Amino acid sequence: MIDRKPLRGRVASGDTVWFAGAQDALSALLVDQSDFDGVFTTGFGVSAALLGQPDMELYTLSENLGVVDNIANVVRKPIFADADTGYGNVLNVVRTVRAFEKAGAAALQLEDQISPKRCPVAATQPLTLPIAEAVGKVRAAVDARRDPDLLIVARTDATDPDEAIERLARYAEAGADLVQPISRTFDSYDGLVRLREASGRPLSLILMEGTWMMQLTRPQIESVAAFATYPLVTLMSMVHAIRTNLDALSQRRGRPLADLPCGRTTVAEFKQLIGWQAMEQQQQQYENGSRPA
């Protein structure tokens, strides 16, 4: 049984919860063993890791849930799940929320794009739903949860600041616990303060390299945001390290691996990371007729 009360309690207290993104169970395990507060299951990363394709809602609800379920099986920290558009209309949103709740998410993000979506990281002009339809989806998400401590984060992809504020204020009225703009909607801290005051809800901020939000100070972030997330750090770190070492290795075939530019975890360290010894011990105890302590 997932205890979501601590996360809701931190938000209610005015604290800021810091998340790092993960695209699979292994990257989530690394986040879980870091000093971050929780794991964000980035749709951008899930699409890349699972399909090797862009985040254009090509993967299905079931595929996304499979990743979240695998992550929930190995981490202890709260999971903030990217639920995309909810995979359809208000009825689909109800199913989506209950499925993510069952899988172990402590919070989930829903966006107001049309379906299939276009990730704003790559899309030039994401298209948003009519506001009344988007409000209905937020209301459906709030009413669908069986655990009242599941946090609903409503995101708008509207790029006009005034429209974004209007939308997120309406989503807050519909019951969203946090509201989230995309990075290119506002261009200053003052804009985020205005959004925070107009919506009456703490913000969820996505902190990505190359965006103006990376210039915000920690006190500024913590003054407006309950969630602060670095969504792509594990994905981009992995891609850089693998590509760098493969490029070097292809030129140095037959030479020691110690010459590669990016350091590697040893097999012993990796086995420790994924709990190899603990699982072997558990197996031996059961096979010997005793229960693990």
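## Brief notes about the overall build of the chain
Part 1: Scanning the chain from N- to C-terminus turns up 12 helices and 8 strands.
Part 2: Structurally, the chain occupies a C-alpha span of about 60 × 50 × 35 Å along its principal axes.
Part 3: A buried classification covers 46% of the 293 residues belonging to the chain.
Part 4: Nonlocal contacts in the chain, meaning residues at least 24 apart in sequence, comprise 67% of its contacts between residues at least 6 apart.
Part 5: Put simply, the chain shows about 14,900 Å² of open surface, and 52% of that area lies on carbon and sulfur atoms.
Part 6: The centroid of the 30 positive side-chain charges in the chain is displaced by 4 Å from the centroid of its 36 negative side-chain charges.

## Points about helix α5 (residues 90–103)
Part 1: When the terminal C-alpha atoms of α5 are compared, their 20 Å separation across 14 residues agrees well with the 20 Å that a helix rising 1.5 Å per residue should span.
Part 2: Residues of α5 that are buried: V93, T96, V97, F100, E101 and A103. Along the axis of α5, the buried positions cluster into a sector of 160 degrees, meaning they face one direction only. Exposed residues lying more than 90 degrees from the buried face of α5 are L91, R95 and K102.
Part 3: Its buried side turned inward, α5 meets α4 (61–72), β3 (79–82), β4 (107–111) and α6 (131–144).
Part 4: One side-chain oxygen at the N-terminal end of α5 lies 2.9 Å from the backbone nitrogen of L91; it belongs to N89.
Part 5: Immediately downstream of α5, the backbone of G104 shows phi near 120 degrees, a positive value.

## Observations concerning the nonpolar core
Part 1: Ranked by internal contacts, the top residues of the largest apolar core, which has 58 residues, are F100, L108, L192 and L205.
Part 2: Looking at which element gives the most residues to this core, the answer is α6, with 7 residues.
Part 3: Sequence-distant contacts of L108, that is, excluding residues within four places in its chain, are made with F80, A81, A83, V97, F100, L150, L151, I152 and V153.
Part 4: L7, V17, F40 and L178 belong to the second largest nonpolar core, which has 13 residues in total.

## Brief notes about helix α3 (residues 43–51)
Part 1: For α3, the complete set of buried residues consists of G43, G45, V46 and S47.
Part 2: Backbone nitrogen of F44 and a side-chain oxygen of the N-cap are separated by 3.2 Å at the start of α3; the cap is T42.
Part 3: Among the residues trailing α3, G52 stands out with phi positive, at a value near 65 degrees.

## With respect to the environment of T159
Part 1: Within the secondary structure layout, T159 lies in the loop between β5 (151–156) and α7 (161–173).
Part 2: Look at T159 and you get partly exposed, because its relative accessible area is 30%.
Part 3: Taking the C-alpha atoms as reference points, T159 and P181, 22 residues apart in sequence, are found 8.5 Å from one another.

Quick notes on the rules
- Residues numbered from 1 in each chain as written.
- Predicted model: local features only at pLDDT ≥ 70, side-chain atom pairs only at ≥ 80, totals over all residues.
- Heavy atoms only, no water.
- Helix = DSSP H or I, 4+ residues; strand = E, 2+ residues; numbered from the N terminus.
- Buried < 20%, exposed > 50% of the residue type's maximum accessible area, 1.4 Å probe, protein only.
- Contact = heavy atoms within 4.5 Å.
- Areas by Shrake-Rupley, 256 points an atom, 1.4 Å probe, with all protein chains shown as cover.
- Lys, Arg positive; Asp, Glu negative; His and termini not counted.
- Charge placed at Lys NZ, Arg CZ, Asp CG, Glu CD.
- Expected span 1.5 Å × (residues − 1).
- Arc of directions from axis to C-beta.
- Polar contact = N/O pair within 3.5 Å; in protein donor to acceptor, adjacent residues only side chain to side chain.
- Core = buried A, V, L, I, M, F, W, Y, C linked by side-chain atoms within 4.5 Å.

Remember, this is a structural readout, not a statement about activity or role.
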